[in-house]
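Analysis of the macromolecular model
Letter by letter, the chains look like this.
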Amino acid sequence: ALKKYYLHRYAQSLYAFIWNDVCDWYIEAVKPTVQRDPAQQRVLATVLDVSLRLLHPAMPFITEKLWEHLNATAPAAASGGSRGVEGLDCSANDLLCHAAWPKADDALRDAGAESLWDKMQTVVTMIREARKEAKLPLRQKVEVSIKADDALAAAIRANEPAFTTLGNVTIEAIGPGTDKPEHAVVSVRPVAEVYLHQEVDASAQKELLQKRLSEVEKNVKALTGRLNNKGYTDKAPAHLVQETRDKLAE
């Protein structure tokens, strides 16, 4: 984006990354454990390092000041400090305006971990939606049961401090054989079913689910019609046709 002077795209991408990925998900997820985990502290410092480098062209003055504080609090590994991750080239520098652009080794990517994390995010979002439906404040801790396959259940259990903090819940049961409690707020997605242990007005919940069902049926009809149109499937780019098929499957 910067090479082509697409400054709006550059700024929008960074805003989404910093606000959503870093602040809303990542920092909230490590809060329960980062104070006693040196490895997490190193990664957190590195995330802040890279974020400041990426932000610097758009926000030179505030990022330079924050860089000064970061260097004092968590010096780079090259300076004998606790900042840096193997496979990520972030050379140390006293001034951010002289620091190199970060370079990452593709080997750092873990497609399996990313896929599981996406699913965990979906389940947390489902919990938040169920809370909203039950009119429960976010600060109120509630019990949940989750019907999910073994892989997702194991991932949630392995990251339980992060998961329960993000959802502000305690997990009563989780796994493919989890049963729905008699009175529960239910949220259903392809990845899982969430049961919030909170009694609600069944008729109101049924009305809401009927509304959602109508929306889904309307979408299915529109997508099916598009795929049944030979003009679309024969002439549209293959990736768009596949996207339509994926949406219909979901």
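Residues numbered from 1 in each chain as written. Predicted model: local features only at pLDDT ≥ 70, side-chain atom pairs only at ≥ 80, totals over all residues. Heavy atoms only, no water.

1. Quick word on unusual backbone geometry
Across residues other than glycine, the phi torsion is negative in most instances, and most of the peptide bonds are trans. Residue Tyr5 is not a glycine yet carries a positive backbone phi of 60°. Within the fold, Tyr5 resides in the segment before helix 1 (7–30). (Helix = DSSP H or I, 4+ residues; strand = E, 2+ residues; numbered from the N terminus.)

2. Quick word on the packing of helix 4 (residues 111–134) against helix 5 (residues 150–158)
In contact at an axis separation of 10 Å, helix 4 and helix 5 are set at 80° when each is read in the N-to-C sense. Viewed along their axes, helix 4 and helix 5 adopt a mutual orientation that is roughly perpendicular. Taken together, the residues of helix 5 that come into contact with helix 4 (itself represented by Leu116, Lys119, Met120 and Val123) are Ala151, Leu152, Ala155 and Ile156. Here the contact of helix 4 with helix 5 is composed, by residue class, of seven nonpolar, no polar and one charged. (Axes fitted to C-alpha atoms, helices over the stretch in contact; angles between N-to-C directions. Parallel < 35°, antiparallel > 145°, perpendicular 65-115°, else oblique. Contact = heavy atoms within 4.5 Å. Nonpolar A, V, L, I, M, F, W, Y, C, P; charged D, E, K, R; others polar.)

3. What about the state of the cysteines?
Defined simply, a disulfide is a covalent bond joining two cysteines at their sulfur atoms. Per the counting criterion, the structure on display carries zero disulfides. Cys23 carries a free sulfur, and the closest cysteine sulfur to it, the one in Cys90, is 18 Å from it. A relative accessible area of 31% places Cys23 in the partly exposed class. Its sulfur unpaired, Cys97 is 16 Å from the next cysteine sulfur, which belongs to Cys90. Taking the relative accessible area as the measure of exposure, Cys97 reaches 44% and is therefore partly exposed. (Disulfide = S-S within 2.5 Å. Buried < 20%, exposed > 50% of the residue type's maximum accessible area, 1.4 Å probe, protein only.)

4. Points about the pattern of salt bridges
If you walk through the whole model with that rule in mind, you get nine salt bridges. Across the pair Asp49 and Arg53 runs a salt bridge whose closest N-O atoms are separated by 2.5 Å. On the criterion of helical spacing, the pair formed by Asp49 and Arg53 is a turn pair, its members being four residues apart in helix 2 (residues 38–55). Judged by its relative accessible area of 2%, Asp49 is buried. What makes Arg53 buried here is its relative accessible area of 3%. Across the salt bridge formed by Glu129 and Arg189, the nearest N and O atoms sit 2.7 Å from each other. In this pair, Glu129 sits in helix 4 while Arg189 sits in strand 5 (residues 185–189), placing the two residues 60 residues apart along the sequence. (Salt bridge = Lys/Arg side-chain N within 4 Å of Asp/Glu carboxyl O.)

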